[in-house]
Amino acid sequence: MNNGLADLTQAGRVDEPSPVPSTLVGEAARTLVMFLGVTVIPDIPENYKKHPEILEFYASEKMPWRESKTISGVIGEYISMARQSADGTWLFGAATNEEPRDLEIPLSFLSKGNYRATVIQDSKDSDYRTHKEGYTSKELNVTSGTKVRVKLAPGGGACIILKKTN
């Protein structure tokens, strides 16, 4: 199993042309949540170049992980995790089942200091059945005391890249 596909329709495949039951952000989040020892993005480069924020999230997954923390979740419903990359960057990923959800993410796992957060989440009209590729991205200044709200579409997710600033 490899999460991280960028072409979620899979229309050109001859072996299994079934659509992926996820949103683009949900797929990205699952590369962080599912521990495989290495991030493998199984699609062609042209598909990833269309989504530079998602590609930056994948590129930030530098292993081995320094630390991993489960933030919240309910088995079979959703999960949210944070992992610290080998270079010290913190990454957050949340993935949900078919139910949409709003999550409030406490960044208390961060050490003291200021961070620049890139928040990538499903767009308002995202849905794994109808609009898989919609997402939004925004930059925030945060600390360990910040709580970030994210929206997860049906079959979707959210990703956050957290880099310490001077």
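Trainee: It is not clear to me how the sheet that holds strand β5 (residues 115-122) should be interpreted in this structure. Could you clarify?
Mentor: Picture the strands of a sheet paired through backbone hydrogen bonds; they go either parallel or antiparallel. Taken in spatial order, the six strands line up as β1-β2-β3-β8-β5-β6 in an open sheet, and their pairing is antiparallel. The sheet is open, and its two borders are formed by β1 (67-74) and β6 (135-142), each paired with just one other strand. For this sheet, the mean inter-axis angle between neighbouring strands, taken without regard to orientation, is 15°. Of the pairings in the sheet, the one linking β1 to strand β2 (residues 78-84) comprises seven bridges and is antiparallel in character. The partner of E67 across the bridge, within β2, is Q84. Together, β2, β3 (90-96), β5, β6 and β8 (157-164) form the strand contacts of helix α1 (residues 24-33), whose direction differs from that of β3 by roughly 120°. In the packing of helix α3 (residues 52-59) onto the sheet, the strands contacted are β3, β5, β6 and β8, and the crossing angle to β8 comes to about 65°.

Trainee: What's the story with the nonpolar core in this structure? I'm lost.
Mentor: Soluble, globular proteins show a tendency: their nonpolar side chains are buried together. Judged by nonpolar contacts, the single largest core of 20 residues is most densely connected at L107, V150, I160 and L162. Listed by contribution, the elements that provide at least two residues to this core are β2, β3, β4 (101-106), β5, β7 (147-152) and β8. Excluding its chain neighbours within four sequence positions, the residues that come into contact with I160 are F57, W90, L91, F92, A117, T118, V119, V148 and V150. V25, L32, Y48 and Y135 belong to the second largest nonpolar core, which has 15 residues in total.

Trainee: Help me understand the pattern of salt bridges in this model?
Mentor: Working definition: two side chains of opposite charge can pair if their charged atoms are close together. As enumerated under the stated definition, the model contains eight salt bridges in all. Note that R116 is salt-bridged to E139, the shortest N-O span being 3.3 Å. With a gap of 23 residues between them, R116 in strand β5 and E139 in strand β6 connect regions that are remote in the sequence. Looking at E139, the relative accessible area reads 39%, which means it is partly exposed.

Trainee: Help me out: how do you make sense of the environment of G156 in this one?
Mentor: Summarising the element assignment, G156 is placed in the loop between β7 and β8. Note on G156: relative accessible area 0%, which makes it buried. With 35 residues separating them in the primary sequence, G156 and Q121 have C-alpha atoms 8.4 Å apart. Filtering out sequence-adjacent residues up to four positions away, G156 remains in contact with T23, G26, R30, A94, A95, T96, N97 and D122.

Trainee: Even after reading the chapter, I still don't get unusual backbone geometry, so can you show me in this structure?
Mentor: Note: most peptide bonds trans; most residues except glycine with negative phi. Note that the residue after M63, namely P64, is joined by a cis bond; omega there is 10°. Structurally, the position occupied by P64 is in the loop between α3 and β1.

Trainee: How do you make sense of the side chain of N97 when you look at a structure like this?
Mentor: Among the structural elements, N97 can be located in the loop between β3 and β4. The class for N97 is buried, based on a relative accessible area of 18%. For N97, the side chain forms a polar contact with the side chain of R101, separated by 3.1 Å. Apart from the residues lying within four places of it in its own chain, the contact partners of N97 are G76, E77, P154, G155 and G156.

Trainee: Even after reading the chapter, I still don't get the confidence of the model for the protein, so can you show me in this structure?
Mentor: Low pLDDT marks regions whose predicted coordinates should not be analysed in detail. In this model, the protein carries an average pLDDT of 88, and 84% of its residues clear a pLDDT of 70 or more. Helix α2 (residues 45-49) is the least confidently modelled element of the protein, averaging 77 in pLDDT, while β5 averages 98, the highest of any element.

Trainee: Would you mind going over the packing of α1 against α3 with me for this structure?
Mentor: Think of two packed helices as two axes; the pair is described by the angle between the axes and how far apart they sit. α3 packs onto α1 with a crossing angle of 5° between their chain directions and a minimal axis gap of 10 Å. Relative to α3, the element α1 is oriented roughly parallel. Contact residues: α1 offers L24, V25, E27, A28, T31 and L32, while α3 offers I54, F57 and Y58. Taken together, the residues of the contact of α1 with α3 break down into seven nonpolar, one polar and one charged.

About the cut-offs
- Residues numbered from 1 in each chain as written.
- Predicted model: local features only at pLDDT ≥ 70, side-chain atom pairs only at ≥ 80, totals over all residues.
- Heavy atoms only, no water.
- Pairing = 2+ DSSP bridges.
- Helix = DSSP H or I, 4+ residues; strand = E, 2+ residues; numbered from the N terminus.
- Axes fitted to C-alpha atoms, helices over the stretch in contact; angles between N-to-C directions.
- Contact = heavy atoms within 4.5 Å.
- Core = buried A, V, L, I, M, F, W, Y, C linked by side-chain atoms within 4.5 Å.
- Buried < 20%, exposed > 50% of the residue type's maximum accessible area, 1.4 Å probe, protein only.
- Salt bridge = Lys/Arg side-chain N within 4 Å of Asp/Glu carboxyl O.
- Polar contact = N/O pair within 3.5 Å; in protein donor to acceptor, adjacent residues only side chain to side chain.
- pLDDT = per-residue confidence, 0-100.
- Parallel < 35°, antiparallel > 145°, perpendicular 65-115°, else oblique.
- Nonpolar A, V, L, I, M, F, W, Y, C, P; charged D, E, K, R; others polar.

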